[in-house]
Amino acid sequence: MYYDIARVLSYKRTISVILGARGCGKTFASKKLCIEEGLATKELCFVWVRRYERDIATLIPKFFSDIKTLFPDHRLYIENNLIKATEIKTGTSFIIGELIALSLAFRYKSNAYPFVKYLVFDEFISNEGYLGDNDSEVIKFLELMETIFRDRTFVRALLLGNNVSQLNPYFSHFKIKYPKDREFLATDDIVVQNVRAAEFIAHKKLTPMGKLIAGTDYGNYAIENMFLLDDETGVMQPPKGDKLINYNIVSNDIKIGVWIINGGVYFGDPVDDIRTYTLYVDDAKKYDAILINRASGVAKFVSQAYIKNRTLGYKTIYIKNEIVEWARKVKLNF
C-alpha cells in the first residue's frame, strides 16, 4: 500500500523529484533507505536537509519514531545534528547521517563528505515562502550539492514534496514539468515521479480524517495528490471573438502568445515569426528572443493584465503560473 522508492532510483538520475499525497510513505521509504545504507557501511552516508534551523529542531525528537522498530539490533539517536547508531550487541557506535538546515548551508562548504550517497531534501515545496528570491534558494541548494557530491558519480539527491504548488523555484529553475497524466517524466539529469498510490488513496478515504476532508480542496491535495495552491480559475480554451496577437513571450522555456480577444488579454499558443520577448537570459539565447527588463512596457503590460484582472484566460495552468511569476518578478503591488 505504501511507497516503493526502488522504482525512481532505477532511473539513476542525479536528482529524483518525488511528489506524493501526504502520508503515502515517501519520507519513510527515503529514511529507511538511508538508515539501511548507513548501518551496512558504518559511514556517514546521507545528509537530511530541511529549510530552516527550526525545522531541524522540530524534526529531531521524532525522526526515528516511525521507523526504529525496523532496526531492533541498533539504538538510533541524534547528537549535535549528527545521526548515530550503536550496535546493541557490541556497543560499537558510528555516525550514519547528518541533519542540515539549507539556510545555513554556507557553513558546510569546507566539510568533506566522501561516503555520502544520498542527499534528501524533505518538504522542498513550501507554502510559507523560500529563502530570498526564487533563484537564491536553488543556488543555495546547488552549492550544498556541490559541497557534498564534488565529482563523484554514484550520489543521488532526493527531493520529497507534497503537491503544494507547481509555481515554485525548483520547477522554474530546472524547468520541471509535472507529469500530470503519467507517473514518471525523465530528462538526462532529473526524474520526476507523480506517485500513484491507489491502495493508499482508497485506504485514506475510509479513515475518519479522509471522510472529513473528502470532496474539499484540501482533500484533493492530501488524498488525491492534486496541487493545493494552484488556482485553475481562468484556465480555458480561447474565447470566441476578434483575435489579434500582440507578440510572444518566453518564460522558463514556455513560449506564450499574448492575444487581444474582444479587447481583453488571453495568454495562449504562440505564433511563429513575430516579436518574442523574455525576462530571462537563457530563454533569450534559446529562442532568439528580445531580452527586456522589469521596467519595460511589455513586462508591465503582461504583469498588469494579471494584477488588474484584465485577463480573459490562460491556455494551461503552466502558462498561468508563468504569468503570475512575471507579475511577481516585475514586483508591482498586488
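The structure we're discussing is the one just above.
Heads up: these notes are all about the structure in this document. Given the structure is predicted, the values throughout are model-derived calculations rather than measurements.

**Looking at the overall build of the protein**
Then comes step 1: In terms of helices and strands, the protein carries 11 helices and 15 strands.
Then comes step 2: Looking at the 334 residues of the protein, the share that counts as buried comes to 50%.
Then comes step 3: In the protein, of all internal contacts separated by at least 6 residues, the share reaching a separation of at least 24 is 66%.
Then comes step 4: Surface summary for the protein: the accessible area is close to 16,800 Å², and the carbon and sulfur share equals 51%.

**Quick word on the state of the cysteines**
Note on terminology: disulfide describes a covalent bond linking the sulfur atoms of two cysteines.
Then comes step 1: Taken as a whole and judged by the stated rule, the model has zero disulfides.
Then comes step 2: The structure places no disulfide on Cys34, whose sulfur is separated from the nearest cysteine sulfur, that of Cys45, by 6.5 Å.
Then comes step 3: Of the residues examined, Cys45 reaches a relative accessible area of 1% and is grouped as buried.

**Some words on the sheet that holds strand 7 (residues 156-161)**
Then comes step 1: Spatial ordering of the open sheet is given by 3-4-5-2-6-7-1-9-8, a layout of nine strands whose pairing is mixed. Each edge of the sheet is formed by a strand with only one pairing partner; in this case those strands are strand 3 (74-79) and strand 8 (184-186). The average undirected angle you get between the axes of adjacent strands in this sheet is 20 degrees.
Then comes step 2: One ladder, built from four bridges, connects strand 2 (residues 46-50) with strand 6 (residues 118-122); its direction is parallel. Across the sheet, residue Trp48 finds its bridge partner in strand 6, namely Val120.

**Regarding the side chain of Arg152**
Then comes step 1: Relative to the helices and strands, Arg152 resides in the loop between helix 4 (134-149) and strand 7.
Then comes step 2: For the buried residue Arg152, which engages in no salt bridge, the nearest side chain bearing the opposite charge is Asp151, 6.0 Å off.
Then comes step 3: Only 2.5 Å separates the side chain of Arg152 from the backbone oxygen of Ile148, close enough to count as a polar contact.
Then comes step 4: Sequence-distant contacts of Arg152, defined by excluding residues within four places in its chain, comprise Tyr113, Pro114, Phe115 and Val116.

**Considering empty space enclosed by the protein**
Then comes step 1: In total, this model carries two cavities of 30 Å³ or more according to the counting rule given.
Then comes step 2: In this structure, the largest cavity encloses a volume near 110 Å³.
Then comes step 3: Sorting the residues of the lining of the largest cavity by element identifies helix 5 (169-173) and helix 11 (317-330) as the ones contributing at least two each.
Then comes step 4: Of all the elements, helix 11 adds the most residues to the lining of the largest cavity, at three residues.
Then comes step 5: Across the lining of the largest cavity, the residue classes break down as four nonpolar, four polar and three charged.

Rules of the game
- Residues numbered from 1 in each chain as written.
- Predicted model: local features only at pLDDT ≥ 70, side-chain atom pairs only at ≥ 80, totals over all residues.
- Heavy atoms only, no water.
- Helix = DSSP H or I, 4+ residues; strand = E, 2+ residues; numbered from the N terminus.
- Buried < 20%, exposed > 50% of the residue type's maximum accessible area, 1.4 Å probe, protein only.
- Contact = heavy atoms within 4.5 Å.
- Areas by Shrake-Rupley, 256 points an atom, 1.4 Å probe, with all protein chains shown as cover.
- Disulfide = S-S within 2.5 Å.
- Pairing = 2+ DSSP bridges.
- Axes fitted to C-alpha atoms, helices over the stretch in contact; angles between N-to-C directions.
- Lys, Arg positive; Asp, Glu negative; His and termini not counted.
- Salt bridge = Lys/Arg side-chain N within 4 Å of Asp/Glu carboxyl O.
- Polar contact = N/O pair within 3.5 Å; in protein donor to acceptor, adjacent residues only side chain to side chain.
- 1 Å grid on protein atoms, 1.4 Å probe; cavity = no way out; pocket = protein on both sides within 12 Å on 5 of 7 lines; lining within 4 Å.
- Points joined across faces, edges and corners; volume = space filled by probe spheres on them.
- Nonpolar A, V, L, I, M, F, W, Y, C, P; charged D, E, K, R; others polar.

Geometric values such as these leave the question of function open.
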